[in-house]
Structure formats: structure tokens, C-alpha cells
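Each chain, letter by letter, is given below.
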Amino acid sequence: MSTKTPYTTSHLEIIRTLENAVLRAGLHIEGFKKRRDSVTVEVKSDQSLVLNLDVECQKIILTELASHDSVKVVAEESPESHKLIESEDCFFLVDPLDGTTSCKRFLYEDGGQIGFGPLVGYVHDGVLTATAFYSVPHKTLFSAVRGEGCYKSIFDDNGTCVEAHSRLMVTPGIKLKESGMLFFISPDGESKVVDYFKNNHLVENIYRFGSFASDSARLAQGFEQIQFQLNAKPWDFSGVLLAAEAGCEVFCDPLGRRVPLVDWRIEALNPIAILQKGTKDEFFSLCDKIV
């Protein structure tokens, strides 16, 4: 779809490839829905789910990425590739279906609040540089390039783009107490922070919608103002660029070093806080009372 694009980066062909990859995988899921094909579910060793759609979408995405055969690929459903994040400075990050559980539950629903779909990122010289995510229920493609903004493109039921590359930019000024907070609960301690903010009425509301990338896209659109997760996996991590390029601030290891996104080297598990500008000092001072 990317014959016209707002990006002027030297990574222009990369972002076009990412957009096309997630769009093709997303349209595959759309076709699956229309045919009412059967969903098969397996449980992995970490108790997370994998659908036949995860595997099928990964094959589609890897085919699209093959045009950049000099760039290594870290893909969720290819465990042998995961070690590359420790040794490589340039690689693709592939989550063929970000929000697998949400897809299992809401595959045949359109619209609404829940989001899930294919997510692909690109790391260059150790820095997250480009990201594309296709939200299947909303038929919307989100993409971002570091330093060049975040955009969304909307598609109709036939896969035709009806709104191309509308720029997303959040308007700062919402107070922390008036903010919506998105979160994910893991064994790494999010519940302690979320409980504190909720029980002391420090934010307006706390809830969760679908996948990590979907949450990041919601922040990029200004629906919520905070995202908090202490164990984002590498293939999920690329979603943060959507919010960052729409004007949010991203800090990794938020309960510790508070490293800005541009200085963070991706790890096996990535603790993240995404905040609307102007709220970080208050947010972190409150976190310091907890830890």
C-alpha cells in the first residue's frame, strides 16, 4: 500500500516492508474470519497460547521480510532466533499475532475497544527505529519511524485503504489524576503499583484492552495517557514506538534506572512505563513511595 508515504527516512524501504508485512498478515486473518475457519489452540511451555493463526501469520511476515535478507529476524514462534537479541545490533522483531488470547476470544468481533494483530519492528544500531502494527478488529494500520512521527491508515472490508497516513500527535496537558492507565499483570510486580494508584485515586481509571501494541496505539490516539508493564517481551516491545512518536515519553526499567527509550538495549524482558509529557515527575515520585 505504501506508494505514498510521509516518511523520508533512509529506512524508507524498511518501513514500507514492515507496513506491507503486517497488512498482508492482517488481511490473512480477515479472510480467516470471513471463511469461519477453525481456530486451533496449543499451550506453550510458559503457559501462553499459540494459535494456528500465529504460525500462519509468521510465515507470511517472514516471506515479506525476505527481501531484506541481510537483516536477521527475531520471531516469537521461532525460539532458536531469540538469542539474537543478545548478539545483533540490527534485526527485525516479529510478533505474528500480538494479543493471541484476545484474538482467540474476540476474533469474530469488529470495532469495539479490544485490539490485536500482527506487529513487526526494526532495530538499527541497537535502537528501535521503525514499527508497524495492524489492528484487526479496527482494520487500522499504525506505523512509526523514530524521529518522523506516528501515523494510522484505515482500510475497508475489501482491504482497500480509505484513509492513508493520518498523523497521530497527542495533546499534552491532562493531569495525572485525570489520566487513564493501561497495564498488564505479571509476576514481576505490576499489581503492587496498579493497586496503589487505584486505591489512592491517583488516576481517573485503570483498565486493559487487548495487546501491548494495541495499548500503545490507544495512547498514540490520546484515548489513555499511561501504560505500565514490567515484562514486555522483545517482539512486543516494538509497540512502544507508536506512542513515543505520537508525543508520549517512554522509560524503561521505570522502578529502577528509568532509561529513556533511545538509550535502551532490548532485553529478554523489558519493563516499561509510557507517560504523557508533563506527568513523569509526579508519576515517578509516587512510584518511589511504593518501592
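In this report, we go over the structure that sits alongside the text. Keep in mind the model is a prediction, meaning the values are calculated, not measured.

**Some details on empty space enclosed by the protein**
Scanning the model with the defined rule gives 1 cavity of 30 Å³ or more in all. The volume enclosed by the largest cavity comes to roughly 30 Å³. Considering the residues around the largest cavity, the lining is formed by Ile85, Glu88, Phe91, Val123, Gly126, Arg265 and Ile266.

**Observations regarding the environment of Phe106**
Take Phe106: it is sitting in helix 4 (residues 100–106). Linking Phe106 and Gly210, residues 104 residues apart in sequence, is a C-alpha distance of 9.5 Å. Ignoring anything within four residues of it in the chain, the contact list for Phe106 reads Ile114 and Phe116.

**With respect to the sheet that holds strand 9 (residues 161–168)**
Spatially, 3-4-5-6-7-8-9 is the arrangement adopted by the 7 strands of the open sheet, whose pairing is mixed. A single partner strand is all that each edge strand has here, and the edge strands are strand 3 (72–75) and strand 9. Across this sheet, the average inter-strand angle for adjacent strands is 15 degrees, counted without regard to direction. Taken together, the 4 bridges between strand 3 and strand 4 (residues 91–98) define a ladder with parallel strand orientation. Within strand 4, the position partnered with Val74 by the bridge is Leu93. Along the sheet, helix 1 (residues 12–35) contacts strand 4, strand 5 (117–124), strand 6 (127–135), strand 7 (140–145), strand 8 (149–155) and strand 9; its crossing angle with strand 6, the most-contacted strand, is approximately 25 degrees. Taken strand by strand, helix 2 (residues 52–65) contacts strand 3, strand 4 and strand 5, and its axis lies near 150 degrees from that of strand 4.

**Details of the sheet that holds strand 12 (residues 226–232)**
The 6 strands are arranged 11-10-12-15-13-14 in an open sheet whose pairing can be described as mixed. Of all the strands in the sheet, just strand 11 (205–207) and strand 14 (259–260) have a single pairing partner and so form its edges. As paired strands, strand 13 (residues 249–252) and strand 15 (residues 270–275) are joined by 4 bridges and run antiparallel to one another. When the bridges of strand 15 are listed, Val250 appears paired with Ile274. Strands strand 10 (180–183), strand 11 and strand 12 of the sheet are contacted by helix 5 (residues 190–199), whose axis makes an angle of about 160 degrees with strand 12. Each of strand 10, strand 12 and strand 15 is contacted by helix 6 (residues 212–220), which is oriented at about 155 degrees to strand 12, the strand it contacts most.

**A few points about the pattern of salt bridges**
A full pass over the atoms with the stated rule returns 16 salt bridges. Its salt-bridge partner being Glu88, residue Lys72 comes within 3.5 Å of it at the nearest N-O pair. Placement of the pair is Lys72 in strand 3 and Glu88 in the loop between helix 3 (84–87) and strand 4, with a sequence separation of 16 residues. Exposure remark for Lys72: the relative accessible area of 39% places this residue in the partly exposed category. The residue Arg218 makes a salt bridge to Glu224 at a minimum N-O spacing of 2.8 Å. Of the residues examined, Glu224 reaches a relative accessible area of 3% and is grouped as buried. Connected via shared salt-bridge partners are Glu30, Lys33, Asp110, Lys139 and Asp157.

**As for the layout of surface pockets**
Empty space within the largest pocket amounts to approximately 600 Å³. Looking at the largest pocket, it is lined by 27 residues, and the ones nearest its centre are Ser48, Thr101, Phe184, Lys233 and Asp236. For the lining of the largest pocket, the secondary-structure elements that each account for two or more residues are strand 4, helix 4, strand 12 and helix 7 (234–237). The residue inventory of the lining of the largest pocket, partitioned by class, reads 8 nonpolar, 11 polar and 8 charged.

The rules we used
Residues numbered from 1 in each chain as written. Predicted model: local features only at pLDDT ≥ 70, side-chain atom pairs only at ≥ 80, totals over all residues. Heavy atoms only, no water. 1 Å grid on protein atoms, 1.4 Å probe; cavity = no way out; pocket = protein on both sides within 12 Å on 5 of 7 lines; lining within 4 Å. Points joined across faces, edges and corners; volume = space filled by probe spheres on them. Helix = DSSP H or I, 4+ residues; strand = E, 2+ residues; numbered from the N terminus. Contact = heavy atoms within 4.5 Å. Pairing = 2+ DSSP bridges. Axes fitted to C-alpha atoms, helices over the stretch in contact; angles between N-to-C directions. Salt bridge = Lys/Arg side-chain N within 4 Å of Asp/Glu carboxyl O. Buried < 20%, exposed > 50% of the residue type's maximum accessible area, 1.4 Å probe, protein only. Nonpolar A, V, L, I, M, F, W, Y, C, P; charged D, E, K, R; others polar.

Remember that the coordinates give geometry; whether it matters functionally is a separate question.
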